[in-house]
Amino acid sequence: MLKKAVVFASGNGSNFQAIVDASKAKEIDVSIELLICNNEDAYVIERAINSGIDTLLVDYKKYTYFEIESMLIKQFKEMKIDYIFLAGFLRKLSPYFVTHFKNKILNIHPSLLPKYKGLDAIEQALANKDKEIGVTVHYVDEKLDNGPIIIQEEINIMGIDSEQVYQNVHELEHRLYIEAINKVMEE
Ligand code: GRF
């Protein structure tokens with residue numbers, strides 16, 4: 001059965017695009033109903049417009065976490081949203097929100113978690129001259145980049161220049177998020 005999802009993103013939105021494209025190509029049994037964004041200048045908003053998907057801009061300077069999250073919970077209930085996909089969303093979600101959607105929120109992170117949680121994961125791997133890097137898609141819990149892993153894949157980066165590393169990681173992200181969504185749908 002077709003599930004309904006929203007994507008949360010704050011920046012470029014290449015993962016948002018990969019998910020939307022997979023949905024339109026019926027590679028995932030999920031329709032993307034809405035983009036939630038906290039940054040009015042984010043390129044992901046333009047991607048949403050071009051894809052015919054509405055954006056809800058949330059203003060963390062004007063409203064409290066509780067106000068924003070209560071509004072989202074109410075709206076997602078009315079829309080009968082089944083899943084939330086985080087794709088470069090640079091705001092924390094409170095334990096109240098995460099608990100409400102237990103096992104329904106997925107996140108993608110460009111590292112072999114539990115290694116390099118938080119920002120600049122790729123930069124840290126490069127600075128440490130790691131031989132391998134990776135991508136993880138996991139369920140979201142109350143702690144940052146911490147919940148149960150759904151899928152993780154490693155890539156060897158020995159002898160590869162940093163620009164190419166970023167490109168390889170992002171290509172892997174776009175494939176892996178779709179695989180993770182399909183895996184979750186089968187569970
Ligand atoms: C990705 O590297 C993702 O893993 C991380 O934020 C970045 C978002 O990239 N959580 P994009 O906006 O989807 O291009």
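Residues numbered from 1 in each chain as written. Predicted model: local features only at pLDDT ≥ 70, side-chain atom pairs only at ≥ 80, totals over all residues. Heavy atoms only, no water.

Enquirer: Help me get a handle on the overall build of the chain, residues and values and all.
Expert: Within the chain, the secondary structure is distributed over six helices and seven strands. Each helix (α) and strand (β) of the chain, taken in turn from the N terminus, gives the series β-α-β-α-β-α-β-α-β-α-β-β-α. By the compact-globule yardstick of 16 Å for 187 residues, the chain fits well, its C-alpha radius of gyration being 16 Å. Across its three principal axes, the chain shows a C-alpha extent of roughly 50 × 35 × 35 Å. Counting all 187 residues of the chain, 47% fall into the buried class. Considering only residue pairs separated by 6 or more positions, the chain has 64% of its internal contacts joining residues 24 or more positions apart. (Helix = DSSP H or I, 4+ residues; strand = E, 2+ residues; numbered from the N terminus. Rg over C-alpha atoms; globule rule 2.2 N^0.38 Å. Buried < 20%, exposed > 50% of the residue type's maximum accessible area, 1.4 Å probe, protein only. Contact = heavy atoms within 4.5 Å.)

Enquirer: So what's going on with the sheet that holds strand S2 (residues 30-37)? Residues and values would help.
Expert: Overall, mixed pairing links the seven strands, which are arranged S3-S2-S1-S4-S5-S6-S7 in an open sheet. At either end of the open sheet lies a strand with only one pairing partner, and these are strand S3 (55-57) and strand S7 (149-156). With strand direction ignored, the average angle separating the axes of adjacent strands in the sheet is 20°. Two elements, S2 and S3, share three bridges in a ladder whose sense is parallel. What sits directly across from Cys37, in S3, is Leu57. Contacts from helix H6 (residues 162-186) reach strand S1 (3-8), S2, strand S4 (83-86), strand S5 (105-109), strand S6 (132-139) and S7, with the element oriented near 155° to S7. (Pairing = 2+ DSSP bridges. Axes fitted to C-alpha atoms, helices over the stretch in contact; angles between N-to-C directions.)

Enquirer: Run through unusual backbone geometry, naming residues and quoting values.
Expert: Trans peptide bonds make up most of the peptide bonds, and negative phi angles are found at most residues other than glycine. Here Leu113 and Pro114 are connected by a cis peptide whose omega angle stands at 15°. Among the structural elements, Pro114 can be located in the loop between S5 and helix H5 (121-127). Even without glycine at this site, Lys129 takes up a positive phi of about 55°. Considering the arrangement of structural elements, one finds Lys129 in the loop between H5 and S6. Judged by relative accessible area, which is 70%, Lys129 ranks as exposed. In this model, Asp145 sits at a positive phi of 50°, which is unusual for a non-glycine residue. Locating Asp145 in the fold gives a position in the loop between S6 and S7.

Enquirer: Just give me the short version of the nonpolar core, but keep the residues and values in it.
Expert: Core analysis: the biggest nonpolar cluster contains 42 residues, and Ile19, Ile32, Phe85, Leu106 and Tyr177 have the highest contact counts within it. With nine residues, the top contributor of residues to this core is H6. Once you skip the residues sitting within four places of it in the chain, Tyr177 turns out to touch Asn15, Ile19, Phe85, Leu86, Ala87, Leu106, Asn107, Ile108 and Val137. In terms of nonpolar packing, the next biggest core, distinct from the first, is built from 20 residues, Val58, Leu86, Leu93 and Phe97 among them. (Core = buried A, V, L, I, M, F, W, Y, C linked by side-chain atoms within 4.5 Å.)

Enquirer: Report on the site of the ligand, specifying residues and quantitative values.
Expert: All residues adjacent to the ligand are Asn12, Gly13, Ser14, Asn15, Gly88, Ile108, His109, Pro110, His170 and Glu173. Residue Gly13 places a main-chain N or O atom 2.7 Å away from an oxygen atom belonging to the ligand. With the chains in place, 83% of the 370 Å² that the ligand exposes on its own is no longer accessible. When atom positions are compared with the pocket grids, the ligand is found to occupy the largest pocket. Elements with a contribution of two residues or more to the shell around the ligand: helix H1 (14-24), S5 and H6. (Near = heavy atom within 4 Å. Polar contact = N/O pair within 3.5 Å; in protein donor to acceptor, adjacent residues only side chain to side chain. Areas by Shrake-Rupley, 256 points an atom, 1.4 Å probe, with all protein chains shown as cover. 1 Å grid on protein atoms, 1.4 Å probe; cavity = no way out; pocket = protein on both sides within 12 Å on 5 of 7 lines; lining within 4 Å. Sits in = over half its atoms within 2 Å of the grid points.)

Enquirer: Help me get a handle on the packing of H1 against helix H2 (residues 43-51), residues and values and all.
Expert: For the pair H1 and H2, interaxial distance at closest approach is 9 Å and the crossing angle is 15°. Relative to H2, H1 is oriented roughly parallel. Regarding H1 and H2, the two cross each other, and that crossing is right-handed. Note on element contacts: H2 touches H1 through Val44, Arg47, Ala48 and Ser51, opposite Ser14, Phe16, Gln17, Val20 and Lys24. Classifying every residue of the contact of H1 with H2 by side-chain character gives four nonpolar, three polar and two charged. (Parallel < 35°, antiparallel > 145°, perpendicular 65-115°, else oblique. Left-handed = near helix turned anticlockwise from the far one by under 90°. Nonpolar A, V, L, I, M, F, W, Y, C, P; charged D, E, K, R; others polar.)

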